[in-house]
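The residues making up each chain are set out below.
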Amino acid sequence: MSDLTVGLIGASYVAASRMVPAFQANGVRTRALFDTEERRFQYWRNSNLDLLTSDLAEFLDSGINAVYISSRNDQHAAHAIAAAEAGKHVLLEKPMALSVADARAIVASADKAGVQLAVNHHLPGSPLHVTARQLVADGRIGTLYSARVNHAVLLPEHLRGWRLADVPGGGVVFDITVHDASVLNPLFGGVPRQVTALGVSQAPWNRAGTPDSVMTVIEYPAGDSGVPGLAQTHDAFAVPDPGTSMEIHGESGAIIIGDAMNQDTPGTVELHTASGIEKVEVDCSDDLYHINVRAFAAAVRGEGRPTATGIDGVRALQVAVAVEESLKSGQAVAIGDV
């Protein structure tokens, strides 16, 4: 049993379907729920929580020592800062904010309060991506050159609401591209230099007319190898097949990850070199949200780091914000300008 007692900020689908089961499976008690809209409590009446409230002060004073935040994207910053200032450890849903300034303010608040801050990016801790990063670090494909992410999926019908609406935090970029950045940044070892993006509306059911298909090119600066890197992403809500994937290219080989960006599929890793194709065994039996919860709880105890730290979340957000700016301007956007 963990010594964490968690309160939930946001009566969200991901909290109910993913995070509460992950907390329970890892011995973390969820005690209270806060949401600004009391009508949303109707789905939580039988959840065994001690408190359902729309009073944030009452929630933060309910005996919890950590919060999981999955409120609306435009509310993340205010809720995370309030929780940190109240001395609560914070596990924050992605994107951590809608502006880089707000994201940095969250990090500063957590640092000042001396609380642990983690961002709930589930993909960096996936055994698929951990394995791929290790293969690169071990020199199995030589100098890293580029990566290509196919994160084009079909958005389930019941989710075709705010994710496509022209509202703060809606759209493909803040929902999907930010995930791509969460795995590309640690792969290339830092923050990109610039991004260029194009987006269109393709799905006939997309009444909002907002971009539901976005392609992005990301340039990474030269690292220790002296060679700059390039990444390409295809993020979409309107593509039913063939599933997600990721290719990582180097001077002497490549890594191909099947089902690379999914939450529940086992996935595959192949190493392609002059010697042939080697199937790399990866144990994908662990739930990605369980991995995040365990890492967060351990970090609170002073043992290791979260799967994605606050700084990791800021860096992923920088990419997403730059992509949004590029979609609007039609120009390349320097990461340092967002």
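Here, the structure is the one placed above.
Below is a short write-up of the structure. These numbers were taken from a predicted model, which means no experiment stands behind them.

**Here we look at the sheet that holds strand β13 (residues 268-273)**
(1) Moving on: With respect to topology, 9 strands assemble into an open sheet ordered β14-β13-β12-β11-β7-β10-β9-β8-β15, the strand pairing being mixed. The open sheet has two edge strands, β14 (276-280) and β15 (333-334), and neither has a second partner.
(2) Moving on: Here strand β7 (residues 144-152) pairs with strand β11 (residues 245-250) via 6 bridges, running antiparallel. Counted as the bridge partner of V149 is M246 from β11.

**Thoughts on the packing of aromatic side chains**
(1) Moving on: Taken as a whole and assessed by the stated rule, the structure comprises 3 aromatic pairs.
(2) Moving on: Relative to Y68, the ring of F23 has its centre 6.2 Å away and its plane inclined at 70°; by these criteria the two rings are edge-to-face. On the criterion of sequence distance, the pair formed by F23 in helix α1 (residues 13-25) and Y68 in strand β4 (residues 66-69) is long-range, its members being 45 residues apart.
(3) Moving on: Here F23 falls in the buried class, since its relative accessible area comes to 1%.
(4) Moving on: Taking 4.4 Å as the distance between ring centres and 5° as the angle between the ring planes, the aromatic pair formed by F188 and Y220 counts as stacked. Taken together, the positions of F188 in helix α6 (residues 172-188) and Y220 in strand β9 (residues 213-220) put the pair 32 residues apart, joining distant regions of the chain.
(5) Moving on: Sitting over the face of the ring of W205, R160 holds its NZ or CZ atom 3.7 Å from the ring centroid.

**Topic: unusual backbone geometry**
(1) Moving on: Looking along the chain, the bond that leaves K94 and enters P95 is cis, with omega of -15°.
(2) Moving on: Topologically, P95 is positioned in the loop between β5 (89-92) and α4 (100-113).
(3) Moving on: In this structure, the amide linkage connecting D241 to the following residue, P242, adopts the cis form with an omega of 5°.
(4) Moving on: Along the chain, the position of P242 falls in the loop between β10 (229-236) and β11.
(5) Moving on: Positive phi outside glycine occurs at N48, with the angle close to 65°.
(6) Moving on: Mapping N48 onto the fold places it in the loop between β2 (29-34) and β3 (51-53).
(7) Moving on: A relative accessible area of 72% places N48 in the exposed class.
(8) Moving on: Of note in the backbone geometry, D259 takes a positive phi value of approximately 55° without being a glycine.

**Digging into the pairing of β4**
(1) Moving on: Side chains of β4 alternate between two faces, with A66 and Y68 and V67 and I69 buried alike.
(2) Moving on: Pairing analysis gives 4 bridges linking strand β1 (residues 5-9) to β4, with the strands arranged parallel. In the sheet register, V6 faces β4, and the bridge partner there is A66.
(3) Moving on: In this structure, β4 lies alongside β5, joined through 4 bridges in parallel fashion. Bridge pairing in β5 links Y68 to L91.
(4) Moving on: Once you follow β4 into helix α3 (residues 76-85) and on to β5, the crossover reads as right-handed.

**Overview of the environment of V149**
(1) Moving on: Turning to its location among the elements, V149 is positioned in strand β7.
(2) Moving on: Classification of V149 as buried rests on a relative accessible area of 1%.
(3) Moving on: The sequence separation of V149 and D235 amounts to 86 residues, and the corresponding C-alpha distance is 8.3 Å.
(4) Moving on: Among residues more than four places away in sequence, those in contact with V149 are D180, L184, Q232, T233, H234, S245, M246 and M261.

**Quick word on the pattern of salt bridges**
(1) Moving on: Overall, the coordinates contain 14 salt bridges when judged by the stated rule.
(2) Moving on: The salt bridge involving R140 is made with E278; its shortest N-O contact spans 3.1 Å. Highlighted residues: R140 in the loop between α5 (127-137) and β7 and E278 in strand β14, separated in sequence by 138 residues.
(3) Moving on: Look at E278 and you get partly exposed, because its relative accessible area is 37%.
(4) Moving on: E270 is the salt-bridge partner of K279, the closest N and O atoms lying 3.0 Å from each other.

Rules behind the numbers
Residues numbered from 1 in each chain as written. Predicted model: local features only at pLDDT ≥ 70, side-chain atom pairs only at ≥ 80, totals over all residues. Heavy atoms only, no water. Pairing = 2+ DSSP bridges. Helix = DSSP H or I, 4+ residues; strand = E, 2+ residues; numbered from the N terminus. Phe/Tyr/Trp six-rings, centres within 6.5 Å; stacked < 30°, edge-to-face > 60°. Buried < 20%, exposed > 50% of the residue type's maximum accessible area, 1.4 Å probe, protein only. Lys NZ or Arg CZ within 6 Å of the ring centre and 35° of its normal. Right-handed = clockwise from strand over helix to strand, strands pointing away. Contact = heavy atoms within 4.5 Å. Salt bridge = Lys/Arg side-chain N within 4 Å of Asp/Glu carboxyl O.

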